[in-house]
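Structure at a glance
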Amino acid sequence: ADNYELQNTPLVDYFSINFDDWYSTITDVYGKVNSALKSVEGAEISAHTVLSSGVARVDYSNGVSIYVNYNADEFTDGDVTVGAFGYVAVGGEG
């Protein structure tokens with residue numbers, strides 16, 4: 001439904017429920033999440049390590065490790081540098 005149709009309904013508090021309003025956001029978020037996680041699809045988490053406040057490394061059963069940085073400054077762990085608010089996937093089979 002269009003947003004104006006929500007007036008005087010129990011859904012009035014919702015910002016928007018119109019798919020077309022969200023399509024570009026949905027595809028953008030999906031692209032980012034898929035890019036981050038496609039290398040570990042079907043793998044199991046084997047370890048989760050907090051490397052520093054706001055920085056974690058998640059190790060997977062297929063040899064991939066994903067570093068996640070929740071901070072405003074980049075983080076370096078050996079040869080791996082993770083940008084501010086970013087992630088880096090390293091390793092794996094092949």
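Quick caveat: nothing in here was measured; it's all calculated off a predicted structure.

1. Quick notes on the overall build of the protein chain
Each helix and strand counted, the protein chain has one helix and six strands in total. The N-to-C order of helical and strand elements in the protein chain reads α-β-β-β-β-β-β. Counting all 94 residues of the protein chain, 22% fall into the buried class. Across the protein chain, contacts joining residues at least 24 apart in sequence account for 18% of those joining residues at least 6 apart.

2. A short note on the nonpolar core
Proteins that are soluble and globular tend to have nonpolar side chains buried together. The biggest cluster of nonpolar side chains holds five residues, and these are Val40, Val58, Tyr60, Val64 and Ile66. Going through the elements one at a time, β2 (55-60) and β3 (64-69) are the ones with two or more residues in this core.

3. What about the environment of leucine 37?
Within the secondary structure, leucine 37 sits in helix α1 (residues 19-37). Judged by relative accessible area, which is 41%, leucine 37 ranks as partly exposed. It is 8.6 Å that separates the C-alpha atoms of leucine 37 and isoleucine 66, two residues lying 29 residues apart in sequence. Leaving out residues up to four positions away in the same chain, leucine 37 has contacts with Tyr60 and Ile66.

4. Brief notes about the sheet that holds β3
Strand pairing in a sheet relies on backbone hydrogen bonds, with the paired strands running either antiparallel or parallel. Across the sheet, which stays open at both edges, the four strands sit in the order β1-β2-β3-β6 with antiparallel pairing between neighbours. Single-partner strands in this sheet number two, and they are β1 (45-52) and β6 (87-91). Strand-to-strand, the axes of this sheet are offset by a mean angle of 20°, without reference to chain direction. With five bridges connecting them, β3 and β6 associate as antiparallel partners. Residue pairing across strands places serine 65 opposite valine 90, the latter belonging to β6. Each of β2, β3 and β6 is contacted by α1, which is oriented at about 30° to β6, the strand it contacts most.

5. Regarding the environment of threonine 49
Following the sequence through the fold, threonine 49 ends up in strand β1. In this structure the C-alpha to C-alpha distance between threonine 49 and tyrosine 67, which are 18 residues apart in sequence, comes to 9.4 Å. Sequence-distant contacts of threonine 49, defined by excluding residues within four places in its chain, comprise Val55, Ala56 and Arg57.

6. With respect to the pattern of salt bridges
In total, this model carries two salt bridges according to the counting rule given. Salt-bridge contacts for aspartate 28 lead to lysine 32; the nearest nitrogen and oxygen are separated by 3.5 Å. Residue aspartate 28 and its partner lysine 32 are both found in helix α1; the two are separated by four residues, about one turn of the helix. On the basis of relative accessibility, which here comes to 41%, the residue aspartate 28 falls in the partly exposed class. Note on lysine 32: relative accessible area 53%, which makes it exposed. Note that arginine 57 and aspartate 59 form a salt bridge whose closest N and O atoms lie 3.0 Å from each other. For the pair arginine 57 and aspartate 59, one class covers both residues: buried.

Each value, and the rule that gives it
Residues numbered from 1 in each chain as written. Predicted model: local features only at pLDDT ≥ 70, side-chain atom pairs only at ≥ 80, totals over all residues. Heavy atoms only, no water. Helix = DSSP H or I, 4+ residues; strand = E, 2+ residues; numbered from the N terminus. Buried < 20%, exposed > 50% of the residue type's maximum accessible area, 1.4 Å probe, protein only. Contact = heavy atoms within 4.5 Å. Core = buried A, V, L, I, M, F, W, Y, C linked by side-chain atoms within 4.5 Å. Pairing = 2+ DSSP bridges. Axes fitted to C-alpha atoms, helices over the stretch in contact; angles between N-to-C directions. Salt bridge = Lys/Arg side-chain N within 4 Å of Asp/Glu carboxyl O.

Geometric descriptors of this kind do not, in isolation, establish any biological role.
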